[in-house]
Every structure is written in C-alpha cells, then in structure tokens.
Amino acid sequence: MPSSLFVYGTLEFPEVLCAVIGRRLQYVTAYAMEHRRALLRGRIYPGLTPCSGRTTRGRLYAGIEAPDLARLDDFEGSEYRRREIRVAVPRKPVTSAWSYVIPVEDASALSATPWDPEAFARDYRSEYIARLS
C-alpha cells in the first residue's frame, strides 16, 4: 500500500495538514494522472475525479502512517473516497499514492469552477484552520 498522499486542495496548505494529523510532513510538487479538479458545488474546497486526458497539479506528502490515514478519513468525510491513484513527480518514475477523490458516479457534485488556492488563502484559510483546531 502507498505510504504517500497526493493532495490538491486545502491539504496543500501545510498548516491545514498539520491541524488534521498533528505534524508537518515534507512534500514535493506532483501531478495526478487522468484526474481533474474543480470546486464542489456550494463549497469552498475542491474535489478530484477521474478524467481521461487531464492532469492535476498538487503536492505529494511522504511518510503517511495508518493513524494519519484514520484522521484524514474522518476529516474528508463521506463526500470523498480514499483511492490509490497514479502520480507523476518531475524527473522520477510514475508512482502511486493515496488521494481523496470524488467517485465518477458522483462527479456531478463538481462545479465548472476551477479551484483557486490563492483565493482560498486570501478569503478562507484563517477561519478554516481555526475551525480545525
């Protein structure tokens, strides 16, 4: 099983991940192969769903342990499913990692609006992290 986690939304912010699992981890820029990201309808955060021909930029955290996954499962809730996906890291072979995705059958929950991490950071990050603490 993978011990890495690909993130593409609020968990890209190290302080959010730390608030969820209780520690900071190292990360690298990575790309989810054959997946697209968009805001969930009526939410301030995105979802990722399989999509042929699309690639989504995010971060790959290493050193994910079973207690981390349990906390992340609780954090992500029922909207997402933890799946193993293919991830590319520049200048390295394609690998697999855990990620929280919206299943294809629920992809209609995604809006047409792309995720804007700068807007999230500016408008919501502080309040979002405060609610996690």
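Quick notes on the rules
- Residues numbered from 1 in each chain as written.
- Predicted model: local features only at pLDDT ≥ 70, side-chain atom pairs only at ≥ 80, totals over all residues.
- Heavy atoms only, no water.
- 1 Å grid on protein atoms, 1.4 Å probe; cavity = no way out; pocket = protein on both sides within 12 Å on 5 of 7 lines; lining within 4 Å.
- Points joined across faces, edges and corners; volume = space filled by probe spheres on them.
- Helix = DSSP H or I, 4+ residues; strand = E, 2+ residues; numbered from the N terminus.
- Nonpolar A, V, L, I, M, F, W, Y, C, P; charged D, E, K, R; others polar.
- Phe/Tyr/Trp six-rings, centres within 6.5 Å; stacked < 30°, edge-to-face > 60°.
- Buried < 20%, exposed > 50% of the residue type's maximum accessible area, 1.4 Å probe, protein only.
- Lys NZ or Arg CZ within 6 Å of the ring centre and 35° of its normal.
- Arc of directions from axis to C-beta.
- Contact = heavy atoms within 4.5 Å.

**A few points about the layout of surface pockets**
To find leftover empty space, a probe the size of one water molecule is rolled over the atoms.
So, step 1. What the largest pocket holds in volume is close to 250 Å³.
So, step 2. Of all the secondary-structure elements, those providing two or more residues to the lining of the largest pocket are β1 (5-7), α2 (66-76) and α4 (125-132).
So, step 3. Residues that form the lining of the largest pocket fall into these classes: 12 nonpolar, 2 polar and 3 charged.

**Things to note about the packing of aromatic side chains**
So, step 1. Following the criterion strictly, the structure yields 6 aromatic pairs and no others.
So, step 2. Centroid distance F6 to Y8: 6.4 Å. Interplanar angle 25°. Geometry classified as stacked.
So, step 3. Residue classification places Y8 among the buried positions, given a relative accessible area of 6%.
So, step 4. Each member of the aromatic cluster is reached from another via a ring pair, and the members are F13, W115, F120, Y124 and Y128.
So, step 5. Its end group placed over the ring of W98, R82 keeps NZ or CZ at 4.8 Å from the ring centre.

**Some details on α2**
So, step 1. Residues of α2 that are buried include every one of D68, L69, L72 and E76, and no others. Considered in projection along α2, the buried side chains sweep an arc of 95° and stay on one side of the axis. Turned more than 90 degrees away from the buried face of α2, the exposed residues are A66 and D74.
So, step 2. Each element contacted by the buried residues of α2 is listed here: β1, α1 (14-21), β4 (81-88) and β5 (95-101).
So, step 3. Just beyond α2, the residue with positive phi is G77, at close to 70°.

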